[in-house]
Structures are given as structure tokens and as C-alpha cells.
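Next come the chains, spelled out residue by residue.
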Amino acid sequence: MNSTLFIGIIIGLIILLFIVGAPVKPMKYIGKATIRLGIGVLLLFFLNVFGGAVGLHIPINLFTVLVSGFLGVFGVGSLAAIHLFIL
């Protein structure tokens with residue numbers, strides 16, 4: 001598929017959503033989930049930066065981002081505990 005055609009389709013869908021209007025409730029949940037996942041990535045990043053001094057490294061992948069994003073600080077703490085005590 002040509003990249004110009006792909007970009008045109010995406011822009012067309014965005015314009016269609018602006019005209020018709022996006023469903024509010026699903027977009028609200030998608031927005032909240034995206035923000036939580038972004039916070040999870042940031043928490044893991046800072047854990048890796050500051051935990052590097054003590055040899056703590058949690059890989060940033062889909063599973064760890066989901067755990068840290070939806071459980072927050074407790075999720076990051078549990079991932080660190082699993083890494084230190086089990087692995």
C-alpha cells in the first residue's frame with residue numbers, strides 16, 4: 001500500500017470523525033487508559049534510571065507497562081520485588 005494513500009485514508013477518517021463526532025464514552029475510556037499507560041512507562045523509565053545504581057532493571061514491554069500503568073506505584077513496586085526476590 002502506498003504511503004500517500006495510507007496517509008490520505010487516515011486524514012479522511014479524522015475529518016469524518018470531526019464532522020460526525022466521535023462517540024464520547026468509548027473515547028473517554030481510551031483516553032484514560034492511554035494516560036495511565038503513559039504514566040506506567042514513565043514510572044518504569046525512572047525506576048530503571050534510579051534503580052541502575054543498585055542493579056535493578058525492569059524491561060519496558062507490554063506486560064510491565066500494563067502492570068505499572070493500571071496498578072500505579074504498587075505495580076512498579078511489585079515488579080521490582082519480583083525482579084529482586086524471585087528472579
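Quick caveat: nothing in here was measured; it's all calculated off a predicted structure.

Reading the values: the criteria
- Position numbers for residues start from 1 in each chain and track the written sequence from start to end.
- Note on the predicted model: pLDDT of at least 70 is required for a residue's local features to be given, and 80 or more for side-chain atom pairs to be given and counted; whole-chain, interface and lining totals, by contrast, use all residues.
- Derived side-chain values reflect all non-hydrogen atoms in the structure, with water molecules and hydrogen atoms excluded from consideration.
- The set of buried Ala, Val, Leu, Ile, Met, Phe, Trp, Tyr and Cys residues whose side-chain atoms join them within 4.5 Å is what this entry labels a nonpolar core.
- Think of it in three bands: residues with accessible area under 20% of the maximum for their type are buried, residues over 50% are exposed, and the middle band is partly exposed, with areas taken using a 1.4 Å probe on protein chains only.
- By the criteria applied, helices consist of DSSP H or I runs no shorter than four residues and strands consist of E runs no shorter than two, each listed in order from the N terminus.
- By definition in these notes, contact holds between two residues if any of their heavy atoms fall within 4.5 Å.
- In protein, a polar contact means a hydrogen-donor-capable atom and an acceptor-capable atom, both N or O and within 3.5 Å, with residues adjacent in sequence counting only if both atoms are side-chain atoms; elsewhere, any N or O pair within 3.5 Å suffices.
- For patches, a residue must show more than 30% relative accessible area and have no salt bridge; joins then use 9 Å for like charges and 5 Å for nonpolar side chains, namely Val, Leu, Ile, Met, Phe, Trp and Tyr.
- Calculation of accessible area relied on Shrake-Rupley with a 1.4 Å probe; when residues are assessed, cover is drawn exclusively from the protein chains displayed.
- A side-chain nitrogen of Lys or Arg and a carboxyl oxygen of Asp or Glu constitute a salt bridge if their distance falls within 4 Å.
- By the counting scheme adopted, Arg and Lys are positive, Glu and Asp are negative, and His together with the chain ends is not counted.
- A single reference atom marks each charge: NZ on Lys, CZ on Arg, CG on Asp, CD on Glu.

**Looking at the nonpolar core**
Point 1. In terms of nonpolar packing, the biggest core is built from 9 residues, these being Leu44, Leu47, Leu56, Ile58, Val65, Val67, Val76, Leu79 and Ala80.
Point 2. Elements with a contribution of two residues or more to this core: α2 (24-51), α3 (62-71) and α4 (73-86).
Point 3. Residues contacting valine 67, with those up to four places away along its chain left out, are Gly72, Gly75, Ser78 and Leu79.

**So, the environment of leucine 87**
Point 1. Mapped onto the elements of the fold, leucine 87 is located in the segment after α4.
Point 2. Since its relative accessible area comes to 77%, leucine 87 is described here as exposed.
Point 3. Note: C-alpha distance between leucine 87 and asparagine 61 (26 residues apart in sequence) is 17 Å.

**Thoughts on the side chain of threonine 64**
Point 1. With respect to the helices, strands and loops of the structure, threonine 64 is situated in helix α3.
Point 2. Classification of threonine 64 as buried rests on a relative accessible area of 5%.
Point 3. A polar side-chain atom of threonine 64 sits 2.8 Å from the main-chain carbonyl oxygen of proline 59.
Point 4. Apart from the residues within four sequence positions on either side, threonine 64 is in contact with Leu44, Ile58, Pro59 and Leu79.

**A few points about a positive patch on the surface**
Point 1. There is a patch of like positive charges on the surface, built from Lys25, Lys28, Lys32 and Arg36.
Point 2. Mapped onto the elements of the fold, arginine 36 is located in helix α2.
Point 3. Of the residues examined, arginine 36 reaches a relative accessible area of 40% and is grouped as partly exposed.

**Structural notes on the environment of phenylalanine 45**
Point 1. Mapped onto the elements, phenylalanine 45 comes out in helix α2.
Point 2. On the basis of relative accessibility, which here comes to 43%, the residue phenylalanine 45 falls in the partly exposed class.
Point 3. Sequence separation between phenylalanine 45 and histidine 57 is 12 residues, and the spatial gap between their C-alpha atoms is 9.5 Å.

**Some thoughts on the environment of isoleucine 58**
Point 1. In this fold, isoleucine 58 is placed in the loop between α2 and α3.
Point 2. Distance in space between the C-alpha atoms of isoleucine 58 and isoleucine 30 is 26 Å, their sequence separation being 28 residues.
Point 3. Once you skip the residues sitting within four places of it in the chain, isoleucine 58 turns out to touch Leu44, Leu47, Asn48, Thr64, Leu79, Ala80 and His83.

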